[in-house]
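Letter by letter, the chains look like this.
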Amino acid sequence: MPDEPVTPGEIAHALRRVRPSVYRIGEGADPTLALVMNAGPAGRRNAAAKIAGLLAEHGLTLGTGDDIAALTEDDGALPVRRSAG
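Reading the values: the criteria
- Residues numbered from 1 in each chain as written.
- Predicted model: local features only at pLDDT ≥ 70, side-chain atom pairs only at ≥ 80, totals over all residues.
- Heavy atoms only, no water.
- Helix = DSSP H or I, 4+ residues; strand = E, 2+ residues; numbered from the N terminus.
- Contact = heavy atoms within 4.5 Å.
- Pairing = 2+ DSSP bridges.
- Salt bridge = Lys/Arg side-chain N within 4 Å of Asp/Glu carboxyl O.
- Buried < 20%, exposed > 50% of the residue type's maximum accessible area, 1.4 Å probe, protein only.
- Expected span 1.5 Å × (residues − 1).
- Arc of directions from axis to C-beta.

Asks: What is the right way to look at the environment of alanine 12 in this model?
Replies: Looking at the element boundaries, alanine 12 is found in helix α1 (residues 8-14). Measuring from C-alpha to C-alpha, the distance between alanine 12 and leucine 55 comes to 9.8 Å, with 43 residues separating the pair along the chain. Contact partners of alanine 12, with chain neighbours within four places excluded, come to Tyr23 and Ile25.

Asks: What is the right way to look at the pairing of strand β1 (residues 23-26) in this model?
Replies: One face of the sheet, then the other: side chains in a regular strand alternate in exactly this way. By the bridge criterion, 4 bridges tie β1 to strand β2 (residues 32-35) in an arrangement that is antiparallel. Following the sheet pairing, arginine 24 is matched in β2 by alanine 34. Between β1 and β2, which follow one another and run antiparallel, lie 5 residues, and glycine 28 among them has a positive phi close to 130°.

Asks: Would you mind going over the pattern of salt bridges with me for this structure?
Replies: Where charged atoms of side chains with opposite charge meet at close range, the side chains can pair. Tallied over the entire structure, the rule returns 4 salt bridges. Here glutamate 10 and arginine 82 are joined by a salt bridge, their closest N and O atoms 2.9 Å apart. With glutamate 10 in helix α1 and arginine 82 in strand β5 (residues 81-82), this residue pair connects regions lying 72 residues apart in the sequence. The class of arginine 82 is buried, set by a relative accessible area of 15%. For the salt bridge of aspartate 30 with arginine 81, the shortest nitrogen-to-oxygen distance reads 2.7 Å. Pair noted here: aspartate 30 is in the loop between β1 and β2 and arginine 81 is in strand β5, with a separation of 51 residues, a long-range link. Residues participating in the shared-partner salt-bridge network are Glu4, Glu10 and Arg82.

Asks: For this particular structure, what's the right way to read the pairing of β2?
Replies: With burial as the criterion, each face of β2 is covered, one bearing Thr32 and Ala34 and the other bearing Leu33 and Leu35. As judged from the 2 bridges shared by β2 and strand β4 (residues 78-79), these two strands associate in the antiparallel manner. Bridge pairing in β4 links threonine 32 to proline 79.

Asks: Help me understand helix α2 (residues 41-57) in this model?
Replies: Residues spaced three or four apart along an α-helix face the same direction, because each turn holds 3.6 residues. Along its 17 residues, α2 runs 24 Å from first to last C-alpha, staying within 8% of the 24 Å computed at 1.5 Å per residue. All of the buried residues along α2 are Arg44, Ala47, Ala48, Ile51, Ala52, Leu54 and Leu55. Angular distribution of buried residues about the axis of α2 spans 165°; they occupy a single face of the element. Turned more than 90 degrees off the buried face of α2, the exposed positions are Ala42, Asn46, Ala56 and Glu57. Taken together, the buried residues of α2 touch α1, β1, β2, β3 (60-61) and α3 (67-73). The first or second residue beyond α2 is glycine 59, which carries a positive phi of 75°.

Structure, rendered in structure tokens:
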């Protein structure tokens, strides 16, 4: 099912254990995710690790190779995809 589009609702469901003020889900045909919390590097990394882990548990990924680093270092929105395996 990697070709099936991801919905913003699926992303929100996967991240239901994370405070919504920590991230932003971009709407549209190709939903995106951005880490928007205002915290130091360690706090951002912890939040990114939790988000990446929850996405993976639900068969989703940012497809960057290192989703934690991508969320932590990139201030922009990253596309959410289904995991290949």
